[in-house]
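As a plain string of letters, each chain reads:
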Amino acid sequence: GLQGNKLEAQQRISNLESQLSSSKGQLAGIQSIVNKLKQSVADKEKIVTELEGRLSNLSSTLETERQVAQAEISLRESLLKEKETTITQQNIEANRMYYVVGNRKQLMDSGIIDRKGGILGIGKVSTVKDVDLTKFMEFNLLDTQTLTFPVTKKGYAVLSNHVAASYKVDKTGDQYTLTVLDQDLFRKQKVLVIELK
């Protein structure tokens, strides 16, 4: 009868209600999982953003450091260049030499040599006076180690105080060639005077 139907209906309703509440529980569970996931995604995004921030900071720091390093390197290079230039200049100066070749009369007339000593004109020696460099030819040992001068009947004399071991003279046809053998020794005497006999 009716009673049975009512009970059945109540039973179904209570079943449905319990199902519903259990579903709600499940739903709530699902919802909380979803919420946790959302939270974790947000956290991860935060972490990602923070890491990206750090990275860009790091790369700008790196860029700054690179620029600073670059500037230091440039400065060092330019200092080195200046130093090299100075050394080169000093080297050029140190190796600058002067020479003159002429017979006794020419050298006397130019005031480059004096005749000293001796008695009654015998035994006089040619000596190099204080020199006016404008009367000399210039050369640099960095790029010139040989000088040539003409062969004469009576030969030549090196009047300047160059150490004999610092150079050699060879004869080729009608030319003598003076070759510097030891630059350090040779350049101690800045001025080379060769008298043609």
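A brief look at the structure comes next. (Residues numbered from 1 in each chain as written. Predicted model: local features only at pLDDT ≥ 70, side-chain atom pairs only at ≥ 80, totals over all residues. Heavy atoms only, no water.)

**Observations concerning the sheet that holds strand β6 (residues 156-158)**
In any sheet, the strands associate via hydrogen bonds between backbone groups, in a parallel or an antiparallel arrangement.
Phase 1: One open sheet holds the four strands; their spatial order is β4-β1-β9-β6, and the pairing between them is mixed. Every interior strand has two partners, whereas the edge strands, β4 (137-140) and β6, have only one. Neighbour-to-neighbour, the strand axes of this sheet turn through a mean angle of 25°, independent of strand direction. (Pairing = 2+ DSSP bridges. Helix = DSSP H or I, 4+ residues; strand = E, 2+ residues; numbered from the N terminus. Axes fitted to C-alpha atoms, helices over the stretch in contact; angles between N-to-C directions.)

**What about the packing of aromatic side chains?**
Each aromatic ring pair is described using two quantities: the centre-to-centre distance and the angle formed by the ring planes.
Phase 1: Evaluation of the coordinates by the stated rule reveals five aromatic pairs.
Phase 2: A ring pair is formed by Y99 and F139, whose centres lie 5.6 Å apart and whose planes are at 75°; its orientation type is edge-to-face. Separated by 40 residues along the polypeptide, Y99 in strand β1 (residues 96-103) and F139 in strand β4 bring together distant segments of the chain. Neither residue differs from the other here; Y99 and F139 are each classed as buried.
Phase 3: Here the aromatic residues F149, Y156 and Y176 are joined through ring pairs into a cluster of three or more. (Phe/Tyr/Trp six-rings, centres within 6.5 Å; stacked < 30°, edge-to-face > 60°. Buried < 20%, exposed > 50% of the residue type's maximum accessible area, 1.4 Å probe, protein only.)

**Examining the pattern of salt bridges**
Phase 1: For the structure shown, the criterion picks out nine salt bridges.
Phase 2: In this structure, the salt-bridge partner of E195 is R104, at a minimum N-O distance of 2.9 Å. Of this pair, E195 sits in strand β9 (residues 191-196) while R104 sits in helix α2 (residues 104-109); the two residues are 91 residues apart in sequence, bridging distant segments of the chain.
Phase 3: The class of R104 is partly exposed, set by a relative accessible area of 33%.
Phase 4: Each of E93, R96 and E138 takes part in one network of salt bridges that share partners. (Salt bridge = Lys/Arg side-chain N within 4 Å of Asp/Glu carboxyl O.)

**Points about the pairing of strand β8 (residues 175-180)**
Phase 1: Most of β8 sits out of view: five of its six residues are buried.
Phase 2: Of the strand pairs in this sheet, strand β5 (residues 146-150) and β8 are connected by five bridges, and their pairing is antiparallel. Each bridged residue has a counterpart across the sheet, and for T148 the counterpart in β8 is T177.
Phase 3: Two elements, strand β7 (residues 167-172) and β8, share six bridges in a ladder whose sense is antiparallel. Bridge pairing links V169 to L178 in β8.
Phase 4: What sits between β7 and β8 in their antiparallel hairpin is a turn of two residues, with G173 showing a positive phi close to 60°.

**A few points about the environment of N95**
Phase 1: Along the chain, N95 falls in the loop between α1 (2-94) and β1.
Phase 2: Look at N95 and you get buried, because its relative accessible area is 1%.
Phase 3: Separated by 42 residues in sequence, N95 and G53 have C-alpha atoms that sit 62 Å apart.
Phase 4: A polar atom in the side chain of N95 sits 2.7 Å from the side chain of R187. (Polar contact = N/O pair within 3.5 Å; in protein donor to acceptor, adjacent residues only side chain to side chain.)

**Description of the sheet that holds β5**
Phase 1: Strand order in the open sheet formed by three strands is β5-β8-β7, with antiparallel pairing between adjacent strands. The open sheet is flanked by β5 and β7, the only strands paired with a single partner. The average angle at which neighbouring strand axes cross in this sheet is 25°, direction not considered.

**Notes on the nonpolar core**
Phase 1: Counting 14 residues, the largest nonpolar core has F139, L141, F149, L178, F186, L192 and I194 as the members making the most contacts within it.
Phase 2: Those elements that provide at least two residues to this core are β1, β5, β8 and β9.
Phase 3: Not counting residues within four places of it along the chain, the set of residues in contact with L192 comprises Y98, Y99, V100, F136, L147, V158, S160, H162, L178 and F186.
Phase 4: Judged by nonpolar contacts, the second largest core, of ten residues, contains Y98, A157, L159 and V193. (Core = buried A, V, L, I, M, F, W, Y, C linked by side-chain atoms within 4.5 Å. Contact = heavy atoms within 4.5 Å.)

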